[in-house]
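These are the residues of each chain, in order.
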Amino acid sequence: MDRTLPEHAPLTQFPIQDDCLVIGEIPLTRLVQRVGGTPFYAYGRQQITERVVLLRRSLPAGVLLHYAMKANPMPAVVQHLAGLVDGIDVASIGEMKIALDTPISPGSVSFAGPGKKEHELRCAIAAGVLLNVESPREMRLIAKLGESLGIRPQVAIRINPDFELKSSGMKMGGGPKPFGVDAESLPDLLKEVGRLDLELIGFHIFSGSQNLNVSALQEAHEKTVQLAIRLAAYASSAIKLINIGGGFGIPYFPGERPLNLPAIGEHLEHLSILLKQHLPTARIALELGRYIVGEAGIYVCRILERKLSRGQIFLITDGGLHHHLAASGNFGQVIRKNYPVIIGNKVRGDTREVVSVVGPLCTPLDVLADQLPIAKAGEGDLVVVLQSGAYGFTASPQSFLNHPLPIEVLV
Ligand SMILES: *Cc1c(COP(=O)(O)O)cnc(C)c1O
């Protein structure tokens, strides 16, 4: 193997026992028996808790920590997180139901996303959740529905900022966007909010996802807080919440390393002090998805066949892109790179070799690893895709080719 090639970040979140990955204190080979077969997703309760503890330790005490549920909406995961975070951010009525089934108070649930339908808004107003308003039309509709229900809706205006989050995997703000209200339209909109029967709680500004660049995140946080301070001057009531979005990245690909969280925390401490001077009633909320659950989850499938084609080894598995679109490289990646993939029951192995791991779908897109150095494995061995706790199961086209659905477990 060429030593100069970048490698995946070391596996530190799960213990290894007798060369077998352990999750939830259960060796993987045993967990497969417990689940009853492959493929499946497993999420580590302890790993999720530890991540929240790390965040709490690194972030200023006054910053609220929310979970953005679209990263992993498995009800058991959300229930577990409900006891650990200050709020849950949902992006659909289905997610709202899961959040409201937890003990979290409805006022700590916020509902964002373009194109919210009238009946969804009505349910959300009745539930008493905070609505992140994505357009002037939506704002007027919320006011009208609130009036008809006899409830004063709580709203936060989602702002499409006048800056971008640099080095982000997916940009969610800056330039023309379907999300939120352009920052320059806010003064007029806020005047209108004052005339409507709405309780303005604050602002919501989310600029991008999967970011490992500390200075880019710091710059975006700073510009976000400054923008909120500037726009709060146009609001007719005191701003209580500034939701600065999520977007903290995790290392997926060779060469990537974990985010320097303490540096982000220290910078947010500065910003909290600045915010207190200008808007004493306002608190900062972070809504993280991927960073909280991404590294806590694995996807497990079994090798069905070891096949040689013109000198290349293919491990054909019972899992693939229909369950894990992101690992196949088809979820927003421009150039396909390998996720960290290991043989779960032979983590180090006796010998190593370069293989491609593919799924059972009749398409060349169904690749879980392309020319990856891995422990030598064959029929019956377990392939594990790490970093699979976020944007995995529910972000995949499960009906494509109609194979059975994967199971999900929280262990
Ligand atoms: C997806 C999303 C998030 C979470 O983003 P991550 O990159 O997973 O942290 C946060 N806020 C909103 C509005 C989102 O749509």
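Given the structure is predicted, the values throughout are model-derived calculations rather than measurements. (Residues numbered from 1 in each chain as written. Predicted model: local features only at pLDDT ≥ 70, side-chain atom pairs only at ≥ 80, totals over all residues. Heavy atoms only, no water.)

Now for the overall build of the chain. Helices and strands together make up the secondary structure of the chain, namely 11 helices and 22 strands. Taken over the C-alpha trace, the chain has a radius of gyration of 23 Å; the compact-globule value for 411 residues is 22 Å, and the two agree within 12%. Projected onto its principal axes, the C-alpha positions of the chain cover 70 × 40 × 35 Å. For the chain, buried positions account for 57% of its 411 residues. (Helix = DSSP H or I, 4+ residues; strand = E, 2+ residues; numbered from the N terminus. Rg over C-alpha atoms; globule rule 2.2 N^0.38 Å. Buried < 20%, exposed > 50% of the residue type's maximum accessible area, 1.4 Å probe, protein only.)

Before going further, it helps to spend a moment on the nonpolar core. In this structure, Tyr67, Ile157, Phe203, Phe248 and Ile292 are the most contacted members of the largest nonpolar core, which totals 109 residues. Broken down by element, the residue count for this core peaks at 10 residues, all from helix 8 (residues 214-232). Taken domain by domain, the makeup of this core includes at least three residues from each of domain 1 (16-43 + 295-410) and domain 2 (112-288). In terms of nonpolar packing, the next biggest core, distinct from the first, is built from 20 residues, Cys20, Leu21, Phe40 and Ile342 among them. (Core = buried A, V, L, I, M, F, W, Y, C linked by side-chain atoms within 4.5 Å. Domains from an automatic or database assignment.)

This part is about the pattern of salt bridges. With the rule as written, the count across this model stands at 17 salt bridges. The shortest N-O distance in the salt bridge between aspartate 19 and arginine 348 comes to 3.9 Å. Here aspartate 19 is found in the loop between strand 1 (16-17) and strand 2 (20-23), whereas its partner arginine 348 is found in the loop between strand 18 (341-343) and strand 19 (352-358), with 329 residues between them in sequence. Measuring nitrogen to oxygen at the nearest pair gives 2.8 Å for the salt bridge that ties arginine 56 to aspartate 86. Placement of the pair is arginine 56 in helix 2 (residues 45-58) and aspartate 86 in the loop between helix 3 (75-82) and strand 6 (87-90), with a sequence separation of 30 residues. With relative accessibility at 36%, the residue arginine 56 sits in the partly exposed group. Several salt bridges share partner residues, and in doing so they unite Lys166, Glu219 and Lys223 into one network. (Salt bridge = Lys/Arg side-chain N within 4 Å of Asp/Glu carboxyl O.)

A full pass over the atoms with the stated rule returns zero disulfides. Take cysteine 301: it sits in no disulfide, and the sulfur closest to it among the cysteines is that of cysteine 20, at 15 Å. No disulfide involves cysteine 362; its nearest neighbouring cysteine sulfur is the one of cysteine 301, lying 17 Å away. (Disulfide = S-S within 2.5 Å.)

With that out of the way, let us pick up the domain arrangement of the chain. Annotation of the chain at the domain level lists domain 1 (16-43 + 295-410) and domain 2 (112-288). With nine residues of domain 1 in contact, the opposing surface of domain 2 contributes six residues. Where domain 1 meets domain 2, there are zero salt bridges. Linking domain 1 to domain 2 there are one residue pair in polar contact (both at pLDDT 80 or more). In the side of domain 1 that touches domain 2, the residues fall into three nonpolar, four polar and two charged. (Contact = heavy atoms within 4.5 Å. Polar contact = N/O pair within 3.5 Å; in protein donor to acceptor, adjacent residues only side chain to side chain. Nonpolar A, V, L, I, M, F, W, Y, C, P; charged D, E, K, R; others polar.)

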